[in-house]
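Here is how the chains run, residue by residue.
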2 protein chains.
Amino acid sequence: MPDRDASLETIQRELTAFARRARAAAARLHPELSLVSYTLLAHLEEQGGCRATDLAAHYLLDKSTVSRQIAALERLGLVERLPAPEDQRAQVLHLTARGAETLAQVAANRRDAFRERLGDWDGADLDRFAAYLLRYNTSARMPGRR
Amino acid sequence: MPDRDASLETIQRELTAFARRARAAAARLHPELSLVSYTLLAHLEEQGGCRATDLAAHYLLDKSTVSRQIAALERLGLVERLPAPEDQRAQVLHLTARGAETLAQVAANRRDAFRERLGDWDGADLDRFAAYLLRYNTSARMPGRR
DNA sequence: GGTTCTGGTTGTATAGTACAACTTAAAGAT
DNA sequence: ATCTTTAAGTTGTACTATACAACCAGAACC
């Protein structure tokens, strides 16, 4: 009967374990780009550019954190800032060609690592796992905010 | 047809996003106990005590990191060290009564948070999600090591 | 009994993060 | 229209988790 509780327990434990390992794993996988940097770059690509504030909101980071991350990425020549057309305070961030290239490289590494790790899963399982994760994250993102 | 690739892409993205948020979420959930501390305490409880080295090995942490974490937990009165019976260098770590209590409290908070977040999932989905996570983590833990 | 290994601590450095104070510009209120 | 409040970003400061290297003490192995 408390199958439900057992499942919750497992989900909690495994997600936690995963989170603990993720940073180190990312560092092993691509030393040039931390997990945060990677995430921010990926978001910029996906969105085709956005403001620092949007990044902060989306990833639950402080503006100062994003500001420094972006500054670092800019120093590396991976990100550029353009004045926002409608708001003189804001800047629209976007990838440089080099940024896109680096991101593609790292993404490929990551993809390969995942592909290898999940190589023996069948397609239907992958699909369902992906759907579950998406659902989990979406529910997590929406409510707790304020 | 590269459904498979799409799923992999989603899994990668969502796991990454989750990892990024986990620390902050944990901090909101229980400011007294960081995610690492929580993890270490939970492991001690689960194992009924173990050495610092075991923790380091299990969580892919440096000994120095564990040493400092444990020192902090000891200062908080949540963990005690006992001389290891057979090895004079080693110490067996275990929870104090207060540590067990704190852990239980935090674990309950976490459980509630997860229960709320996943409240509208049906049992079969929870079960499958848990199984997928477990499978993922197990495959991740084993091979890449060295 | 010396060499090597293992458990643990301490020194030092770095990255990621938050919070608070500040600047500048936009938006709202009167 | 000005005055106040809000929003976007930056910078100062501090803390935490982490690693790596150097070290010490006990164990294990010749």
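Heads up: these notes are all about the structure in this document. No experiment lies behind these values; they were computed from the predicted model shown.

1. Regarding helix H3 (residues 52-59) of chain B
All names here are of chain B.
Argument step 1. Among the residues of H3, those classed as buried are Leu55, Ala56 and Tyr59. The arc that holds the buried residues of H3, viewed along the axis, is 100 degrees, so those residues lie on one side.
Argument step 2. Residue Leu60 follows H3 closely and has a positive phi angle near 55 degrees.

2. Notes on the protein's contact with DNA strand D
Argument step 1. In the vicinity of DNA strand D lie 25 residues, with Arg20, Thr53, Lys63, Arg68 and Arg81 of chain A positioned nearest.
Argument step 2. Between DNA strand D and Arg89 of chain A, the relevant distance is 2.9 Å, taken from a base nitrogen to a side-chain nitrogen or oxygen of the residue.
Argument step 3. A distance of 3.2 Å separates a base nitrogen of DNA strand D from a polar side-chain atom of Arg68 of chain B.
Argument step 4. For the surface near DNA strand D, the elements supplying multiple residues, two or more each, are helix H3 (52-59) and helix H4 (63-75) of chain A together with helix H4 (63-75) of chain B.
Argument step 5. Here the surface near DNA strand D is composed, by residue class, of 5 nonpolar, 9 polar and 11 charged.

3. Here we look at the side chain of Gln12 of chain B
Argument step 1. Tracing the backbone through its elements, the reader meets Gln12 of chain B in helix H1 (residues 3-29).
Argument step 2. Assessed through its relative accessible area of 3%, Gln12 of chain B is described here as buried.
Argument step 3. Discounting chain neighbours no more than four positions away, the residues touching Gln12 of chain B are Tyr38, Ala107, Arg110, Arg111 and Phe114 of chain A.

4. Considering the protein's contact with DNA strand C
Argument step 1. In the region of DNA strand C, 25 residues are neighbours, and Arg20, Lys63, Arg68, Arg81 and Arg89 of chain B sit closest.
Argument step 2. Of all DNA strand C atoms lying within 4 Å of any protein atom, the proportion belonging to sugar or phosphate reaches 61%.
Argument step 3. Between DNA strand C and Leu60 of chain A, the relevant distance is 3.4 Å, taken from a phosphate oxygen to a main-chain nitrogen or oxygen of the residue.
Argument step 4. Thr65 of chain A is positioned such that a nitrogen or oxygen atom in its side chain is 2.9 Å from a phosphate oxygen of DNA strand C.
Argument step 5. Residue assignment for the surface near DNA strand C shows that the elements contributing at least two residues are H4 of chain A together with H3 and H4 of chain B.
Argument step 6. Tallied by class, the residues present in the surface near DNA strand C amount to 5 nonpolar, 9 polar and 11 charged.

5. Quick notes on the relation of the copies chain A and chain B
Argument step 1. With an RMSD of 0.5 Å, the fit of chain A onto chain B corresponds to turning through 179 degrees and sliding 0.2 Å along the axis. Put plainly, the chains are arranged around a two-fold axis. Among all residues of chain A, the one whose C-alpha sits closest to the rotation axis is Ala19 of chain A, at a distance of 2.3 Å.
Argument step 2. Of the interface residues in chain A, 100% have counterparts in chain B that sit at the interface too, so the contact is made through matching surfaces.

Conventions and cut-offs
- Starting afresh in each chain, residues are numbered from 1 along the sequence in its written order.
- Chain letters start at A and ligand numbers start at 1, both assigned in the order the entries are written.
- Local features in this predicted model are restricted to residues whose pLDDT is 70 or higher, and side-chain atom pairs enter the listing and the counts only when it is 80 or higher, whereas totals over whole chains, interfaces and linings include all residues.
- Hydrogens and water molecules were not included; the side-chain quantities draw on all heavy atoms of the structure.
- Remark: exposure states derive from per-residue accessible area (1.4 Å probe, protein chains only) relative to the maximum for the residue type, with buried under 20%, exposed over 50%, and partly exposed in between.
- A run of DSSP states H or I qualifies as a helix once it reaches four residues; a run of E qualifies as a strand once it reaches two. Both are numbered from the N-terminal end.
- When we speak of the arc, we mean the arc of directions from the helix axis to the C-beta atoms.
- The cutoff for a nearby residue is simple: one of its non-hydrogen atoms must lie within 4 Å of the molecule or strand.
- Counted as a polar contact is a pair of N or O atoms within 3.5 Å, where, for protein atoms, one must be capable of donating a hydrogen and the other of accepting one, and residues adjacent in sequence contribute only when both atoms are in side chains.
- Ten residues, namely Ala, Val, Leu, Ile, Met, Phe, Trp, Tyr, Cys and Pro, are considered nonpolar, four, namely Asp, Glu, Lys and Arg, are considered charged, and the remaining ones, Gly among them, are considered polar.
- Contacts between residues were defined by any pair of non-hydrogen atoms, one from each residue, lying within 4.5 Å.
- Residues below a pLDDT of 70 in either copy are left out; the C-alpha atoms of the rest, at least 70 in both, set the least-squares superposition of the copies.

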